[in-house]
Amino acid sequence: DENKNFVTRNLQDLSLAESLSLNNFNKEKAIHSVSLADINGDNKDNLIITSSDSLLYVYEDEFLLENYPAIIPLNKFSLPTFADTDGNGKLEIILGGENTFVSFDQEANIFCPHTPLPASDSTSAASGVVASDLDGDEIPEIIGSFSKNRISVWENELNNNFYTVLGTTYALNSSSSNFPIIAEYMNKTTVFIAADNGELYKIPLEGFAVNKSIWNCEYGNLQRTSAFSGNLPQNIFVTKKVFVNQETYIYPNPFSSIYNRSIFRGETRENEITIRVMTSKNTKVKIKIFDIAGGLVKQKTQNTTAYLPASMSVDVSNIASGVYCAILEADGESKQMMFAVEK
């Protein structure tokens, strides 16, 4: 409402049902967007707000989720879209930028492409992105409309690790401030996008098949409606063990002084490795790193949330070349991982 309280009304007669004063919300700033989506997987919609001071708020009733508000690391950002990009059965919040995008999970961890598109233009266009599984691996790719009238497809290789652009970046003749729409047209997966001058572009994606049980668009057409078809996201990592093996690893491995960049929470780090951990329950993980002679080199602890990836950076600038063993322990279970340092 005019006081920036969150108001719900009964559909039958539009009478006031509830009015919530949101905690820790800067009411002096303009609201950029308001959405509802279940981010923390409790079968209850969260209130998601983006504001003019580049902050992302996620509320459970009138209370902020832990680690929110989060800073949106984009100069210009689109309206949000929502998809389970890491397969843990919970939605991420995805915001398109001028030449890249960012994804937030329930704990405000940030995921983004390792390499953005070439520089944006002066129009600061950030039209939006959507998610759809194009390569049949049950992990959705990201399709976006970016500055310089570009449509690009980003491959999601390792659940929220967006390494490359699939296929080609397509250039439109006209600018668009609309979300792309993914559909099957004449037996081909096709991107449709409406330009601001009323033109409609149709771009076939050769070699890809659309997954029909997917959230295909959010504010995805000129009527600014959204659509969802199919079942709710399912957790593909369910296990009786503490550690989710395929989501617990070290990178870069080997660490090399020639290629010594690690991506930690969307930021490029030099002289560091990243230990990524996913557990099946809320727990505390103890990490010890030993050299080949069994000497303790480093140790850390990290709190984890069930089926959410956690990342820890480890400085290896003072570690000699060699092979090392990282031992992870949590709830009576341990996991060993080897990695190498080359200098």
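Treat the numbers as computed from the prediction; the structure is a model and nothing was measured.

Glancing now at the overall build of the chain. Counting its secondary structure elements, the chain contains zero helices and 29 strands. Within the chain, buried positions represent 50% of all 343 residues. Excluding contacts between residues fewer than 6 apart, the proportion of contacts in the chain whose partners are at least 24 apart in sequence is 50%.

Scanning the model with the defined rule gives three salt bridges in all. Arg276 is the salt-bridge partner of Glu247, the closest N and O atoms lying 2.5 Å from each other. Note that Glu247 is positioned in the loop between β19 (200–204) and β20 (249–251) and Arg276 in strand β24 (residues 272–277), a separation of 29 residues in sequence. Note on Glu247: relative accessible area 3%, which makes it buried. Notably, a salt bridge pairs Asp331 with Lys281, separated by 3.6 Å at the nearest N-O pair. Residue Asp331 is found in the loop between β28 (322–330) and β29 (333–342), and its partner Lys281 is found in the loop between β24 and β25 (283–290); the two are separated by 50 residues along the sequence. Of the residues examined, Asp331 reaches a relative accessible area of 48% and is grouped as partly exposed.

With that out of the way, let us pick up the sheet that holds strand β8 (residues 81–83). Strand order in the open sheet formed by four strands is β8-β9-β10-β11, and the pairing between neighbours is antiparallel. Where the open sheet ends on each side, the last strands, each with one partner, are β8 and β11 (110–111). Bridge count for strand β9 (residues 92–96) against strand β10 (residues 101–104) is four bridges, and the pairing is antiparallel. Across the sheet, the residue bridging to Ile94 is Ser103, located in β10.

What follows deals with the sheet that holds strand β26 (residues 296–304). Taken in spatial order, the five strands line up as β21-β29-β28-β25-β26 in an open sheet, and their pairing is mixed. Looking along the sheet, the strands with just one partner apiece sit at the ends: β21 (255–256) and β26. The pairing of β21 with β29 spans two bridges and is classified as parallel. Note that in β29 the partner of Ser256 across the bridge is Glu342.

Vacant regions in the atomic arrangement are exposed by a probe of water-molecule size rolled over the atoms. Inspection of the entire model under this criterion finds two cavities of 30 Å³ or more. Within this model, the second largest cavity holds a volume of roughly 30 Å³. Ile275, Ile287, Ile289, Lys298, Gln299, Lys300 and Val314 are the residues that line the second largest cavity. Sorting the residues of the lining of the second largest cavity by element identifies β25 and β26 as the ones contributing at least two each. A total of three residues in the lining of the second largest cavity trace back to one element, the largest contributor, which is β26. Looking at the lining of the second largest cavity residue by residue, the classes come out as four nonpolar, one polar and two charged.

Further remarks concern unusual backbone geometry. Here Tyr251 and Pro252 are connected by a cis peptide whose omega angle stands at -10°. Mapped onto the elements of the fold, Pro252 is located in the loop between β20 and β21. Non-glycine residue Lys148 carries a positive phi angle of around 60°. Within the secondary structure, Lys148 is located in the loop between β13 (141–146) and β14 (150–156).

When a protein is soluble and globular, its nonpolar side chains tend to lie buried together. Ranked by size, the top nonpolar core spans 28 residues in total, and within it Tyr68, Ile93 and Phe104 carry the most contacts. Of all the secondary-structure elements, those providing two or more residues to this core are β4 (46–51), β5 (55–60), β9 and β10. Here this core takes five residues from β5, the largest share from any one element. Setting aside chain neighbours within four positions, we find Phe104 in contact with Leu56, Tyr68, Ala70, Ile71, Ile72, Pro73, Glu92, Ile93, Leu95, Asn109 and Ile110. The next biggest cluster of nonpolar side chains, apart from the first, holds 21 residues, and it includes Val285, Ile319, Tyr324 and Met337.

Basis of the calculations
- Residues numbered from 1 in each chain as written.
- Predicted model: local features only at pLDDT ≥ 70, side-chain atom pairs only at ≥ 80, totals over all residues.
- Heavy atoms only, no water.
- Helix = DSSP H or I, 4+ residues; strand = E, 2+ residues; numbered from the N terminus.
- Buried < 20%, exposed > 50% of the residue type's maximum accessible area, 1.4 Å probe, protein only.
- Contact = heavy atoms within 4.5 Å.
- Salt bridge = Lys/Arg side-chain N within 4 Å of Asp/Glu carboxyl O.
- Pairing = 2+ DSSP bridges.
- 1 Å grid on protein atoms, 1.4 Å probe; cavity = no way out; pocket = protein on both sides within 12 Å on 5 of 7 lines; lining within 4 Å.
- Points joined across faces, edges and corners; volume = space filled by probe spheres on them.
- Nonpolar A, V, L, I, M, F, W, Y, C, P; charged D, E, K, R; others polar.
- Core = buried A, V, L, I, M, F, W, Y, C linked by side-chain atoms within 4.5 Å.

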